[in-house]
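# Structural overview for review
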Amino acid sequence: MTSTENNLTREIFEIFEENSGLNGLKSEIQPGTGVCKIFVANPTDRLFRILEEACNEVALRWHSDDLPVVTLKKDSKGNLLNRPEGQALVQALSESLNVNRYSVEKDFMDRYTASVAGAEPQIVASANHIVFGRRGAGKSMLLLYALYERTNDNSPSIWIDLQVYAQRDDYEAIADILV
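We now turn to the structure provided with this report.

## Some remarks on the overall build of the chain
Looking only at helices and strands, the chain has seven helices and three strands in total. Of the regular secondary structure in the chain, the N- to C-terminal order runs α-β-β-α-β-α-α-α-α-α. Referenced to the eigenvectors of the C-alpha coordinate spread, the extents of the chain come out at roughly 70 × 40 × 35 Å. Counting every position in the chain, which comprises 179 residues, the buried fraction comes to 27%.

## Details of the environment of S140
Note that S140 resides in helix α6 (residues 139–152). On the accessibility criterion, S140 (35% relative accessible area) is partly exposed. In the structure, S140 is positioned 122 residues away from E18 in sequence and 27 Å away in space, judged by C-alpha atoms.

## Some remarks on the pattern of salt bridges
Evaluation of the coordinates by the stated rule reveals five salt bridges. Close ionic contact of R61 with E57 constitutes a salt bridge, the shortest N to O distance being 2.4 Å. Residue R61 and its partner E57 are both found in helix α2 (residues 45–62); the two are separated by four residues, about one turn of the helix. Between R83 and E85 there is a salt bridge whose closest N-O contact spans 3.8 Å. Each member of the salt-bridge network shares a partner with another, and the members are E11, E57 and R61.

## Some thoughts on α6
Over its 14 residues, α6 runs 20 Å from end to end, which matches the ideal 20 Å to within 8%, given 1.5 Å per residue. Along α6, the residues classified as buried are L142, L144, Y145, A146, L147 and Y148. Phi for N154, located one or two positions after α6, is positive at around 55°.

## Things to note about α2
Along its 18 residues, α2 runs 26 Å from first to last C-alpha, staying within 8% of the 26 Å computed at 1.5 Å per residue. Taken together, the buried positions of α2 are L47, I50, L51, A54, C55, V58 and A59. In the core, the buried residues of α2 are packed alongside α1 (3–20), β2 (36–40) and β3 (70–74). Note on α2: the residue one or two positions beyond its end, H63, has a positive phi of about 50°.

## Considering the sheet that holds strand β1 (residues 26–29)
Taken in spatial order, the three strands line up as β1-β2-β3 in an open sheet, and their pairing is mixed. A single partner strand is all that each edge strand has here, and the edge strands are β1 and β3. Along the sheet, successive strands turn relative to each other by an average axial angle of 30°, direction set aside. Sheet topology note: the β1/β2 ladder contains four bridges and is antiparallel. If you follow K26 over to β2, its bridge partner there is F39. Each of β2 and β3 touches α2; the most contacted strand, β3, lies at about 160° to it.

## Let's talk about the nonpolar core
I12, F16, L25, I38, L47, L51 and L72 are the most contacted members of the largest nonpolar core, which totals 18 residues. Looking at this core, the elements that each hand over two or more residues are α1, β2, α2 and β3. The biggest single contributor to this core is α2, with six residues. With residues near it in sequence (within four places) discarded, F16 still touches L25, I38, L47, I50, L51, A54 and L72.

Rules of the game
- Residues numbered from 1 in each chain as written.
- Predicted model: local features only at pLDDT ≥ 70, side-chain atom pairs only at ≥ 80, totals over all residues.
- Heavy atoms only, no water.
- Helix = DSSP H or I, 4+ residues; strand = E, 2+ residues; numbered from the N terminus.
- Buried < 20%, exposed > 50% of the residue type's maximum accessible area, 1.4 Å probe, protein only.
- Salt bridge = Lys/Arg side-chain N within 4 Å of Asp/Glu carboxyl O.
- Expected span 1.5 Å × (residues − 1).
- Contact = heavy atoms within 4.5 Å.
- Pairing = 2+ DSSP bridges.
- Axes fitted to C-alpha atoms, helices over the stretch in contact; angles between N-to-C directions.
- Core = buried A, V, L, I, M, F, W, Y, C linked by side-chain atoms within 4.5 Å.

Right, dumping it as structure tokens:
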């Protein structure tokens, strides 16, 4: 493998790790063929799509269609929680405990689970809404869905996290929220 091919492979690998959120993955270049295998616990369509996007980005950057072959390979060795996929899961779970306006990213719909009652069409309708339910019922996710849809339509929206004001009982809290 030439040094240019090695650089291309390394760049694809780094972009894949960054975009997938899986840091510390193992990889191996197969002798003779030069094929780079990136080992993941479960190669899904989402991960193959991210790898393809990484290859396209490198091809554009280097103005080259002649890229080394990089693929994903299933590897189930070791404790899953100690692997990059387990670390990404732990991070996603801890981030999901506090949903905020920054929870909406380009892959939001890949991770979104539709509401059981099918409330999505109503929440994006041009009307006022009250969203209520038990803790963990999905109220914030439904509101994030509305924020995601409004952002895609370039519609103005405001996200106010009222948990910040939970311990306040003064009237200035109302003024802070309105400001």
